[in-house]
Amino acid sequence: MTEIDRTARNRVDTAVEALTDDAVAFASDLVTERSVQGDEAPVQSRVRDKLNEIGLDVRTLEAHEVAGIEDHPEYSDTGEPYDDRPNVIGTREGSGDGRSLLFNGHVDVVPEGDAEQWSFDPFSGDVEDGKLIGRGASDMKGGVAAMVYALEALDRAGVELLGDVTVESVIEEEAGGYGGTLATVLDDDAADVDAVVIPEPTDFDMWIANDGVSYFRVTVEGKSAHAAETDNGVNAISKLVPIYRALEALHDERKESVHDDLFEQWHEHTVSLNLGTLHAGEWASSVPDEAVLEARISHAPDETREEIHDVVEETVRRAADGDPWLDDHPPAVEWFGWRGSSAKISPDEEIVTTVQDVMAAEFDRESHAKGFPGGIDSRFFVNYADTPAVCFGPGDYNIHGTDEYLPVEDLVETTKALAFLAMEWCGYELDERASDLDASEAAE
Ligand SMILES: [Zn+2]
């Protein structure tokens with residue numbers, strides 16, 4: 001049961017419906033900006049204008065302003081400088097001493113790939129057949145619009161939250177989140193909040209846990225020789241094969257031995273090891289003198305990144321053990337790029353049960369708590385701000401693929417859900433001067 005009274009509920013419902021065209025137009029504007037990594041400034045200026053318009057106290061934060069961020073264990077240099085790539089943060093003070101809440105959403109998108117394969121322009125932001133179409137509609141410019149319009153609808157409905165609300169529009173989630181959410185968490189002026197909700201496309205379920213992710217590279221040295229004198233060389237591909245097989249076996253072994261129910265209710269296994277690229281040799285008639293394998297391994301919430309790195313390095317070492325050439329030329333294991341931590345909050349956390357109560361009471365929906373098999377920005381709040389964070393938002397419609405879209409009804413439901421959630425979490429009071437808003441209810 002929620003504490004939201006009918007009058008307030010109906011006012012908010014009516015306000016969201018009345019704002020739907022505006023919310024869709026705003027989300028559409030965001031989609032028209034091709035905000036791939038490095039090009040987030042124009043879309044962020046639209047968000048900043050909107051947050052100012054609804055009366056939030058707005059500031060911006062660029063990652064290079066956060067002292068020491070490059071020394072953080074999750075930081076990794078993406079090669080893209082942080083000038084003119086702001087995160088936008090808006091705050092509204094509560095009118096009482098209710099719990100505080102932070103909405104966080106990313107405005108960066110993954111590239112559209114081959115635009116010829118889309119059946120529409122990925123950046124038109126058009127609305128067709130009740131769907132907002134384009135890259136980022138679902139992941140997650142729709143979610144960003146929903147969190148902003150939830151606050152506007154509360155205003156319009158004369159609902160004042162008792163606790164503080166913060167809205168963060170961040171960059172770089174798709175590339176790991178270092179310059180985005182990590183920067184906002186490490187910032188000296190970061191708000192100390194009681195819970196975080198990220199409206200990623202979760203189909204109204206919740207991601208309350210995630211796997212950590214690491215990339216690694218194994219380099220095996222060989223010795224070049226002419227193809228006619230093969231035995232004078234050492235074939236790096238042949239030397240890599242046992243290592244490749246051992247890593248395959250590690251994947252199989254971990255699938256069987258590493259379990260977390262939050263993941264396995266929805267995915268076949270909790271963790272995985274993907275052997276992603278293999279480069280070796282230069283020419284068919286030369287013995288290859290180097291073979292390089294790149295891979296992605298994930299680790300469960302109960303494991304640490306250090307543990308998983310040890311497991312991989314030991315697996316490679318053992319596979320090479322006993323080979324005289326490899327004894328003298330040990331394979332190198334390097335960790336590069338992404339190094340995301342795993343995270344998990346309890347399904348009993350109040351923010352989780354509050355989302356579930358709101359969804360059951362207002363939408364007659366069951367919102368399941370799940371684990372996500374990759375990196376999500378909620379981990380930064382959980383691991384480095386000691387704050388419970390969940391991803392909770394609309395449906396997932398072709399995200400990262402072609403023909404991404406978001407049904408307008410998903411945007412509306414997300415907006416209402418976030419507004420009700422804020423009321424339930426922060427507490428609220430009704431501005432009686434806005435009681436004329438109840439007329440439509442009386443007329444029903
Ligand atoms: Zn996303």
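What counts and what doesn't
- Residues numbered from 1 in each chain as written.
- Predicted model: local features only at pLDDT ≥ 70, side-chain atom pairs only at ≥ 80, totals over all residues.
- Heavy atoms only, no water.
- Helix = DSSP H or I, 4+ residues; strand = E, 2+ residues; numbered from the N terminus.
- Donors = N, O, S within 2.8 Å, 3.2 Å for Na, K, Ca; no water.
- Tetrahedral: all angles 85-135°; square planar, octahedral: opposite > 155°, others 65-115°.
- Buried < 20%, exposed > 50% of the residue type's maximum accessible area, 1.4 Å probe, protein only.
- Phe/Tyr/Trp six-rings, centres within 6.5 Å; stacked < 30°, edge-to-face > 60°.
- Lys NZ or Arg CZ within 6 Å of the ring centre and 35° of its normal.
- Core = buried A, V, L, I, M, F, W, Y, C linked by side-chain atoms within 4.5 Å.
- Domains from an automatic or database assignment.
- Contact = heavy atoms within 4.5 Å.
- Patch = residues over 30% accessible without salt bridge, like charges linked within 9 Å, V, L, I, M, F, W, Y side chains within 5 Å.
- Areas by Shrake-Rupley, 256 points an atom, 1.4 Å probe, with all protein chains shown as cover.
- Salt bridge = Lys/Arg side-chain N within 4 Å of Asp/Glu carboxyl O.
- Lys, Arg positive; Asp, Glu negative; His and termini not counted.
- Charge placed at Lys NZ, Arg CZ, Asp CG, Glu CD.
- Axes fitted to C-alpha atoms, helices over the stretch in contact; angles between N-to-C directions.
- Parallel < 35°, antiparallel > 145°, perpendicular 65-115°, else oblique.
- Left-handed = near helix turned anticlockwise from the far one by under 90°.
- Nonpolar A, V, L, I, M, F, W, Y, C, P; charged D, E, K, R; others polar.
- Buried area = accessible area lost by both parts, 1.4 Å probe.
- Polar contact = N/O pair within 3.5 Å; in protein donor to acceptor, adjacent residues only side chain to side chain.
- Pairing = 2+ DSSP bridges.

Peer 1: Could you clarify how one ought to interpret the environment of alanine 385 in this entry?
Peer 2: Inspection of the secondary structure puts alanine 385 in the loop between α10 (378-384) and β16 (389-392). With 194 residues separating them along the chain, alanine 385 and alanine 191 place their C-alpha atoms 10.0 Å apart.

Peer 1: Any chance you could explain the coordination of the zinc ion here in plain terms?
Peer 2: In an ideal tetrahedron of four donors about a metal, each angle is 109.5 degrees. In an ideal octahedron of six donors, the angles are 90 or 180 degrees. His106 (NE2), Asp139 (OD), Glu200 (OE) and Glu200 (OE) make up the full set of protein donors to the zinc ion, lying at 1.8 to 2.7 Å. Geometry at the zinc ion is irregular, judged from the 4 donor atoms that bind it and their angles of 52 to 149° at the metal. Given a relative accessible area of 1%, histidine 106 falls into the buried group.

Peer 1: Mind showing me how you'd approach the packing of aromatic side chains here?
Peer 2: Counted according to the given criterion, the structure contains 11 aromatic pairs. Aromatic pair tryptophan 207 and phenylalanine 372: ring centres 4.4 Å apart, planes at 40°, arrangement tilted. Placement of tryptophan 207 in strand β9 (residues 206-210) and of phenylalanine 372 in strand β15 (residues 369-372) is noted, with a sequence separation of 165 residues between them. The class of tryptophan 207 is buried, set by a relative accessible area of 12%. Residues tyrosine 215 and phenylalanine 336 carry aromatic rings whose centres are separated by 5.7 Å and whose planes lie at 45° to one another, so their mutual orientation is tilted. One end of the pair, tyrosine 215, is in strand β10 (residues 212-221); the other, phenylalanine 336, is in strand β13 (residues 332-340), with 121 residues separating them in the sequence. For tyrosine 215, a relative accessible area of 27% gives the class partly exposed. Aromatic rings pair up to connect Tyr215, Phe336 and Trp338 into one cluster. The positively charged end of lysine 131 is found above the aromatic ring belonging to tyrosine 405, 4.8 Å away from the centroid. It is arginine 217 that lies over the ring of phenylalanine 336; its NZ or CZ is 4.1 Å from the centre.

Peer 1: Any chance you could explain the nonpolar core here in plain terms?
Peer 2: Generally speaking, nonpolar side chains in soluble globular proteins are found buried as a group. Counting residues in hydrophobic clusters, the biggest one holds 98 residues, and the most contacted among them are Ile351, Phe392 and Met423. Taken domain by domain, the makeup of this core includes at least three residues from each of domain 1 (6-209 + 342-442) and domain 2 (212-340). If sequence neighbours within four positions are ignored, isoleucine 351 has contacts with Leu101, Ala195, Val197, Ile345, Pro388, Val390, Leu421 and Trp425. Counting 20 residues, the second largest nonpolar core, distinct from the first, contains Leu273, Ala291, Ala320 and Leu326.

Peer 1: Where do I start with a negative patch on the surface in this structure?
Peer 2: Residues Asp121, Asp126, Glu128 and Asp129 make up a contiguous surface patch of negative charge. Mapping glutamate 128 onto the fold places it in strand β4 (residues 127-128). Judged by its relative accessible area of 41%, glutamate 128 falls in the partly exposed class.

Peer 1: Got a minute to help me understand the packing of helix α1 (residues 6-32) against helix α3 (residues 137-156) in this structure?
Peer 2: Between two packed helices, both the angle of their axes relative to each other and the distance between the axes serve to describe the pair. α3 packs onto α1 with a crossing angle of 140° between their chain directions and a minimal axis gap of 8 Å. Judged by the angle between their axes, α1 and α3 are oblique. Here α1 runs over α3; the crossing is right-handed. The segment α1 lies against α3, with Val12, Ala15, Val16, Ala18, Leu19, Asp22, Ala23, Phe26, Ala27, Leu30 and Val31 engaging Ala137, Lys141, Val144, Ala145, Val148, Tyr149, Glu152, Ala153, Leu154 and Arg156. A breakdown of the residues in the contact of α1 with α3 according to their chemical character gives 17 nonpolar, no polar and 4 charged.

Peer 1: Would you mind going over the environment of valine 312 with me for this structure?
Peer 2: Here valine 312 is to be found in helix α7 (residues 305-320). Residue valine 312 is classed as buried on the basis of its relative accessible area of 0%. Distance from valine 312 to glutamate 74, taken between C-alpha atoms, is 19 Å for residues 238 residues apart in sequence. Not counting residues up to four positions away in its chain, the partners in contact with valine 312 are Phe216, Leu247, Leu250, Ile297, Val333 and Trp335.

Peer 1: Whenever I open this one, the domain arrangement of the chain confuses me. Can you help?
Peer 2: How big an interface is tends to be reported as the loss of accessible area on association of its parts. As far as domains go, the chain holds domain 1 (6-209 + 342-442) and domain 2 (212-340). A separation of 38 Å is found between the C-alpha centroids of domain 1 and domain 2. Opposite the 20 residues of domain 1 that make contact, domain 2 presents 18 residues. In this assembly, domain 1 packs against domain 2 so that about 1500 Å² is buried in total across both faces, 57% of it on carbon and sulfur atoms. Per-residue buried area on domain 1 facing domain 2 is highest for Ser342, Lys344 and Pro373; these three make up 33% of the total on that side. Inspection of the domain 1/domain 2 interface yields 1 salt bridge. Lysine 344 serves as the salt-bridge partner of aspartate 260, at 2.9 Å between the closest nitrogen and oxygen. Viewed at the interface, domain 2 and domain 1 are joined by 7 residue pairs in polar contact (both at pLDDT 80 or more). Of all the elements in the fold, those that place two or more residues in the side of domain 1 that touches domain 2 are β9, β14 (343-344) and β15. Broken down by element, the residue count for the side of domain 1 that touches domain 2 peaks at 4 residues, all from β15. When its residues are assigned to classes, the side of domain 1 that touches domain 2 shows 9 nonpolar, 7 polar and 4 charged.

Peer 1: Is there a simple way to think about the sheet that holds β4 in this case?
Peer 2: Backbone hydrogen bonds hold the strands of a sheet together, and the pairing may be parallel or antiparallel. The strand order across the open sheet built from 3 strands is β4-β5-β17, with neighbouring strands paired in antiparallel fashion. A single partner strand is all that each edge strand has here, and the edge strands are β4 and β17 (405-407). With 2 bridges connecting them, β4 and strand β5 (residues 131-133) associate as antiparallel partners. Opposite valine 127, over in β5, you have leucine 132 as the bridge partner.

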